[in-house]
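# Structure assessment
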Amino acid sequence: MNSQPLSEDLVDWKASEAPISGRCAHCGLPLIEGSILNTDGRSAKQRELFCCIGCETVYGVIQQLGLGSFYEYRKLEGDFLVKPAQLPEGELEYLDDPLLLSEFVERVSPTESRVLLHLEGIHCAACVWLIEKLPHLLSGVTEARVNFVQGTVEVLYEPSKVTLSQISHWLGRLGYGSSPVRGNDALKEERRLSRWELTRIGIAAVIAANTMSLAISLYQGWFTGISAEYASLFSYTSLVLTIPAITFCAMPFYRAAIGGLRARSIHIDLPISVALLLAFFVSSANTLRGSVEVYYDTITALIFLLLGARYLQRRALARAVERTDLLSSLVPLKASRFVSAGAGGSEQGSWQGVYSGILAVGDKVRVEPGEVIPVDGVIVEGGSAVGAAILTGEALPVRVKPGNRVFAGTTNISSPITLVAESTLATSRISRIVNQIDRGDIARAPIIDLTDQLSSVFVVVVLLLSLLCFLFWGWSLGFEEGFNRTLALLVVTCPCALGLAAPITLAIAVRRAARHGLFIRSSDAIQRIADANELVFDKTGTVTEGKLEVRRFWLAPEATKADPVIWDVASDLHDPGVEQRLTPIVSAQVEFFQAVLSLENGSSHPVGIAIRNFLAVVGERFALDKAVDDRLLCEPVLGRGVKGFGADGAVWRIGSSSWLTEELELCGENQHAGEVEFRKEESLSLMQRLTPIFVSRNSVILAGFGIGDTVRQGIKECIAAEQARGTGVTLLSGDHPEVVEAVGVQLGVSAERCLGGKSPEEKAAFVLELGRTRRTAFFGDGVNDALVLRAAGVGVGVAGGAEVALRVSDAFIATPSTARFSALLSGARLTMRAIYRNLFASVTYNVIGAGAAFLGYVNPLVAAILMPISSLTVVFIASFSNTFQEQDGKEQDGREQEVAP
Amino acid sequence: MSIIFFLLPATILLALLALVAYVWCARSGQYEDLDTPPLRMLTDDLEERLPKEKATPNH
């Protein structure tokens, strides 16, 4: 069952493409030493190299199934990089748990079920093709439909023939990670509404086109004469055609109008509904009387235009992301539970992968490093570091040991832990927060829609005017003329352009914003962002990069054999003088750098990663050897650092200052000379709000690193610009108050506006309180920000953090560069200006139309011409407005800033 | 000119047919994902290169 040999020309073409040989045949990553060579019994020409066993396996599977065209297609596409394949890890049996199936899988018929799977690693058309081959590969799968943009696949399968775990396993074999998405009622409702809307638009379009062609005949008849029988044929046909439009298609307008009245406000749909209904009834009355004063074409065209514009607006909003199921994006579906073999909780037993939803209080759960903790619980075995940023916003991991409580949703970082569940998934803290968000418990101040505001004035003015018109002309020219002019006035002032102005401008602005990575998810977000006079920023991940970095490097006199060297990494980054100053010193420390690199080589702790990244930069700048010393034996010391034993007998330590202090004390008095410098450096580092980490060799302190989170480039300018506009700027974080204050000082935010140590609930309360007097906008990225994102006047999510931020925010910045922050703010303001311009244009038109109608110049023909012209004007203004366009330039500015200091 | 009494219903009937087709499309969800189908089209010709016999998974 080997693969069909590739056609000869393609093989040649591949062989001639030399650079490819340096890349993994599956994922295209550059190959390094130790790559895997796959000959696979095929001709020498076709030997392929792989970066890892995963890619090799996936490649083999794809070729074996005869789907090798996947790679050919990808080459045609320009062979861009794929993520290295991730083979399915461990057992997937937990996916067949009955509880999981009942929550995630939908029965569509007695034999078939449907499940929505979120895919990882889908990146091009070839992936779509490959995944949709699933029914050919696995019997029992009836259909697989990929949604490329959302990265999901909807699988229709027969549960009697194939299980969910088998489907997931096969997707894994093809190189795509998958996880089921919970059956989402909101999504189904959205889909249902959207289908109804499309149906309405289609019907309205057909009716509008037909009544218009009939109307043209009627208008023509005015000039050339038309026999009464044809005139009445056309009128009656139009009347019958218009009935579905005015009833079924226009239903949303009536609903909104009545809804507005119930809420004691005048919605723009009220004057629209009144004008449409009035025009329809008078036209039908005229038809029955045998008069040709009919407005059917205008009515139907208006209904079609308004429905279309609103659909476009809704469609442009990035609602799709709501599809992602919030809880399962935060807490893993799979947990490792202890199942005792004997009865009565005996110690004998085994670990089993189960669905985390079935975990009960008292269950023993094991969490491996790198995994997310599935339930709240108390640790009974093992100590580790836990990244709790998801709940607290704190960048540094917290040390935990037996007896400590850990929460679902936080990440176990360094070593395996066993915990006893204190909650179920449903009663965990994270799930309570998620529920609060889903239920929308936090109500925000309603926004007064500009259009509605205008329309209430509008309604009063139009009603007064038509009364005046009817009385004046009815008295002077008789009832008939008075009535006709009043009707013309009402039809011509139907606020169609007014109703179109905001949706069209918004739809266009939102589309443009999306092209630049700014996703606007609710229709009033733009107005709220433009109006905000109080910006609240989360610290970690929003104004800072959210990852630890070496900010300060210190070499002790013991290392340099002279004066200590201090390198302020952040400010010296682009200073060429540094190179001159440091090169001789650094090159004298080759042994030191190699030892530190070897010590931190395998570390998954954020501090270790920060030091490793720093060493990579140093290695690059000072051309150091980057080889790792294998002879150095490393031993991680929990919560303190790493200890290493060199081949020459030297003992290396790298870790917290308290740990090294203990070590120094053990060594006795001969270290006093070094200790003064060590203490001085420790306090200097702390003063800069950095975490000091030191390196010692045989208990002699050699160097120190100051570790901190970096502030995003350009955020200072962005904040200064906002402050100059009179906008208040506040930093709000769950991190330690001193750290928040230090960042605030750097950014020019005054100390009393830097609030640290806040829990998610406290943050939300603060923003709600602020929102009582000010219009707030909140920028944040973490789960700990989810409540605040809802509480603020407008919540802007920033990518890079948790998916939850994306789901609950009103707007979303997909690539978190500072240029995007300002682009969003200025784009929103420009859009509002465009909407104002548009509203002004439509009001002007209405004034002119009303004047003309008052003076008796408006008949159905004039109305039929004026109405589309006014609507087109609005569309024209909207599409030529400069909303979210300026940022092209700004974006480049941002890039330049990144390159040059 | 009395042909118009036949032509008018005929045009409306034609429009109705088109409308029925459209409504069927809309209700079957064909307009929901406008981004993936264009990609599917690009890989159509790969089908021809597929081996004739279907691979049977030994799972």
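Residues numbered from 1 in each chain as written. Chains lettered and ligands numbered in written order. Predicted model: local features only at pLDDT ≥ 70, side-chain atom pairs only at ≥ 80, totals over all residues. Heavy atoms only, no water.

## Looking at the overall build of chain A
On a plain count of helices and strands, chain A comes out with 35 helices and 30 strands. In chain A, which comprises 901 residues, the share counted as buried stands at 52%. Contacts spanning at least 24 positions in sequence make up 71% of the contacts within chain A whose residues lie at least 6 apart. Summing over all exposed atoms, chain A offers an accessible surface of approximately 39,000 Å²; the carbon and sulfur share of this is 58%. (Helix = DSSP H or I, 4+ residues; strand = E, 2+ residues; numbered from the N terminus. Buried < 20%, exposed > 50% of the residue type's maximum accessible area, 1.4 Å probe, protein only. Contact = heavy atoms within 4.5 Å. Areas by Shrake-Rupley, 256 points an atom, 1.4 Å probe, with all protein chains shown as cover.)

## Some points on the overall build of chain B
Along the backbone of chain B there are 2 helices and 0 strands. Buried positions account for 29% of the 59 residues belonging to chain B. Accessible surface for chain B amounts to roughly 4,300 Å². Of this, 68% is attributable to carbon and sulfur atoms.

## Things to note about a nonpolar patch on the surface
All names here are of chain A. Taken together, the side chains of Trp222, Phe223 and Val292 define a hydrophobic patch exposed on the protein surface, amounting to about 290 Å² of accessible area. Positionally, valine 292 belongs in the loop between helix H11 (269-289) and helix H12 (296-316). In this structure valine 292 comes out as partly exposed when scored by relative accessible area, which is 30%. (Patch = residues over 30% accessible without salt bridge, like charges linked within 9 Å, V, L, I, M, F, W, Y side chains within 5 Å. Salt bridge = Lys/Arg side-chain N within 4 Å of Asp/Glu carboxyl O.)

## Notes on the sheet that holds strand S17 (residues 518-520) of chain A
Residues and elements named next belong to chain A. Pairing within the open sheet is mixed, and its 7 strands lie in the order S17-S30-S29-S28-S18-S26-S27. Because the sheet does not close on itself, it has two edges, and the strands there are S17 and strand S27 (754-755). Relative to strand S28 (residues 776-780), strand S18 (residues 534-538) runs parallel, the two sharing 4 bridges. When the bridges of S28 are listed, glutamate 534 appears paired with threonine 776. (Pairing = 2+ DSSP bridges.)

## Describing the confidence of the model for chain A
The predicted coordinates of low-pLDDT regions are not to be read in fine detail. Residues and elements named next belong to chain A. Residues of chain A with pLDDT of at least 70 account for 81%, and the chain-wide mean is 77. Mean pLDDT per element in chain A: helix H1 (residues 8-16) is the minimum at 37, and helix H9 (residues 228-249) is the maximum at 91. Segment residues 39-45 is flagged for pLDDT under 50; beyond a separation of four residues in sequence, or across chains, it makes 6 contacts in the model. Scored below 50 in pLDDT, residues 886-901 makes 17 contacts in the model with residues more than four places away or belonging to other chains. (pLDDT = per-residue confidence, 0-100.)

## Topic: the packing of aromatic side chains
Each aromatic ring pair is characterised by the separation of its centres together with the angle its planes make. For the structure shown, the criterion picks out 24 aromatic pairs over all chains. Aromatic side chains tyrosine 22 of chain B and tyrosine 31 of chain B sit 5.7 Å apart centroid to centroid with 40° between the ring planes, which places their arrangement in the tilted category. Here the aromatic cluster, defined as three or more aromatic residues joined through ring pairs, consists of Phe553, Phe592, Phe593, Phe614 and Phe705 of chain A. (Phe/Tyr/Trp six-rings, centres within 6.5 Å; stacked < 30°, edge-to-face > 60°.)

## Comments concerning the packing of H12 of chain A against helix H34 (residues 860-879) of chain A
All names here are of chain A. Two elements in contact, H12 and H34, have axes separated by 9 Å at closest approach and are oriented at 15°. Of the possible angle classes, the one that applies to H12 and H34 is roughly parallel. The handedness of the crossing between H12 and H34 comes out as left-handed. Here H12 contributes Asp297, Thr298, Leu302 and Leu305 to the contact with H34, which in turn contributes Pro860, Ala863, Ala864, Met867 and Ser871. The class makeup of the residues in the contact of H12 with H34 is 6 nonpolar, 2 polar and 1 charged. (Axes fitted to C-alpha atoms, helices over the stretch in contact; angles between N-to-C directions. Parallel < 35°, antiparallel > 145°, perpendicular 65-115°, else oblique. Left-handed = near helix turned anticlockwise from the far one by under 90°. Nonpolar A, V, L, I, M, F, W, Y, C, P; charged D, E, K, R; others polar.)

## So, the pairing of strand S25 (residues 700-711) of chain A
Residue and element names in this part refer to chain A. Burial within S25 is extensive, with 11 of its 12 residues counted as buried. Pairing between strand S19 (residues 544-555) and S25: 8 bridges, direction antiparallel. Considered in S25, the bridge of arginine 552 is made with glycine 706. Between the antiparallel neighbours strand S24 (residues 691-697) and S25 lie 2 residues, among them asparagine 698 with a positive phi of about 50°.

## Brief notes about H34 of chain A
In an α-helix, one turn spans 3.6 residues; hence positions three or four apart end up facing the same way. The end-to-end C-alpha distance of H34 of chain A is 29 Å, a good match for the 28 Å that 20 residues give at a rise of 1.5 Å each. Looking only at H34 of chain A, the buried set comprises Pro860, Leu861, Ala863, Ala864, Met867, Ser870, Ser871, Val874 and Ala878 of chain A. (Expected span 1.5 Å × (residues − 1).)

## Focus: the nonpolar core
All names here are of chain A. Counting residues in hydrophobic clusters, the biggest one holds 109 residues, and the most contacted among them are Ile303, Ile520, Ile526, Phe537, Leu747, Phe779 and Leu824. Dropping the residues within four chain positions of it, isoleucine 526 is found in contact with Leu506, Ala509, Val510, Ile520, Ala828, Thr831, Met832 and Phe884. If you look at the next biggest cluster of nonpolar residues, it comprises 48 residues, including Leu119, Val128, Leu130 and Leu137. (Core = buried A, V, L, I, M, F, W, Y, C linked by side-chain atoms within 4.5 Å.)

## Description of the confidence of the model for chain B
Residues and elements named next belong to chain B. Per-residue confidence for chain B gives a mean pLDDT of 76; residues scoring 70 or more make up 68%. Confidence drops under a pLDDT of 50 for residues 51-59, and excluding neighbours within four residues, the segment shows 12 contacts in the predicted structure. For this predicted complex, the interface score ipTM comes out at 0.82, while the overall pTM is 0.68.

## Observations regarding the pairing of strand S11 (residues 377-381) of chain A
All names here are of chain A. Where S11 meets strand S14 (residues 405-406), 2 bridges bridge the pair, whose relative direction is antiparallel. Following the sheet pairing, glycine 377 is matched in S14 by valine 406. Two strands pair when backbone bridges link them, and S11 and strand S16 (residues 417-421) are joined in this way by 4 bridges, in the antiparallel orientation. Across the sheet, residue isoleucine 379 finds its bridge partner in S16, namely leucine 419.

## Overview of helix H28 (residues 715-724) of chain A
All names here are of chain A. Here H28 has its buried residues at Ile715, Cys718, Ile719 and Glu722. Each buried residue of H28 lies within a common arc of 95° when the element is viewed along its axis, so the set occupies one face. Phi for glycine 726, located one or two positions after H28, is positive at around 90°. (Arc of directions from axis to C-beta.)

## Focus on the pattern of salt bridges
Residue and element names in this part refer to chain A. In this structure the tally under the stated criterion is 18 salt bridges over all chains. The closest approach of N and O atoms between arginine 552 and glutamate 681, which form a salt bridge, is 3.0 Å. On the criterion of sequence distance, the pair formed by arginine 552 in strand S19 and glutamate 681 in helix H27 (residues 672-687) is long-range, its members being 129 residues apart. On the basis of relative accessibility, which here comes to 5%, the residue arginine 552 falls in the buried class. Overlapping salt bridges bring together Glu106, Arg114, Glu154 and Arg191 as one network.

## Quick word on the environment of glycine 714 of chain A
Residue and element names in this part refer to chain A. Structurally, the position occupied by glycine 714 is in the loop between S25 and H28. Judged by relative accessible area, glycine 714 falls into the buried class, the value being 18%. Note: C-alpha distance between glycine 714 and leucine 747 (33 residues apart in sequence) is 9.7 Å.

## Digging into the environment of phenylalanine 234 of chain A
Residue placement: phenylalanine 234 of chain A occurs in helix H9. Of the residues examined, phenylalanine 234 of chain A reaches a relative accessible area of 8% and is grouped as buried. A sequence separation of 21 residues divides phenylalanine 234 of chain A from serine 213 of chain A, and the C-alpha atoms of the two residues are 9.6 Å apart. Aside from chain neighbours lying at most four places away, what touches phenylalanine 234 of chain A is Leu214, Ser217, Leu218 and Ile226 of chain A together with Ile4 and Leu8 of chain B.

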